[in-house]
Amino acid sequence: MAGSFLWLNSSTKSLSISTLSAMNHDEAFSGKISALRALMISKELGALVLRRNPNLAWVISGRAHVPTTIDAACFDLVITEDSVFAV
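These figures come from a predicted structure and were not determined experimentally.

Colleague: Sorry, what's going on with the overall build of the protein chain here?
Modeller: Regarding its fold elements, the protein chain presents two helices and three strands. Scanning the protein chain from its N terminus toward the C terminus, one meets helices and strands in the order α-β-α-β-β. The burial tally for the protein chain puts 30% of its 87 residues in the buried class. The long-range share in the protein chain, meaning contacts at least 24 apart out of those at least 6 apart in sequence, stands at 59%. Entry remark: accessible area of the protein chain is about 5500 Å², with carbon and sulfur atoms responsible for 59%.

Quick look at the structure:
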């Protein structure tokens, strides 16, 4: 299903970060992107869009600087097979 999207929400528990906690920020980000790309392959997705604050905070190991009471962040992270875009 190329071109399909999977929207992750706070109940998504399929990705573990326990092995990423000891890595530096660049290694952790790369590891998380690799895990998301593996999920994309398993779901036959052409792209993945992260929009919610908790998901963006997890993948960038930080905050999106938007109050946690607001569901959508100030940017989306679009992940494809070979690129990552912030829009």
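Colleague: How should the nonpolar core be read in this particular structure?
Modeller: Considering soluble globular proteins, one finds that nonpolar side chains tend to be buried as a cluster. Residues I33, L36, M40, L45, L48, L50, L56, V59, A73, F75, L77 and I79 constitute the largest nonpolar core, which totals twelve residues. Those elements that place two or more of their residues in this core are α1 (25-42), β1 (47-52), α2 (53-60) and β2 (72-80). With near-sequence residues (within four places) excluded, I33 lies in contact with V59, I79 and V84.

Colleague: Please explain the environment of T80 as it appears in this structure.
Modeller: On the secondary structure map, T80 appears in strand β2. Assessed through its relative accessible area of 17%, T80 is described here as buried. Remark: the alpha-carbon pair of T80 and A47, spanning 33 residues in sequence, is separated by 4.6 Å. With sequence-adjacent residues up to four places away left out, T80 is seen in contact with R37, M40, G46 and A47.

Rules behind the numbers
Residues numbered from 1 in each chain as written. Predicted model: local features only at pLDDT ≥ 70, side-chain atom pairs only at ≥ 80, totals over all residues. Heavy atoms only, no water. Helix = DSSP H or I, 4+ residues; strand = E, 2+ residues; numbered from the N terminus. Buried < 20%, exposed > 50% of the residue type's maximum accessible area, 1.4 Å probe, protein only. Contact = heavy atoms within 4.5 Å. Areas by Shrake-Rupley, 256 points an atom, 1.4 Å probe, with all protein chains shown as cover. Core = buried A, V, L, I, M, F, W, Y, C linked by side-chain atoms within 4.5 Å.

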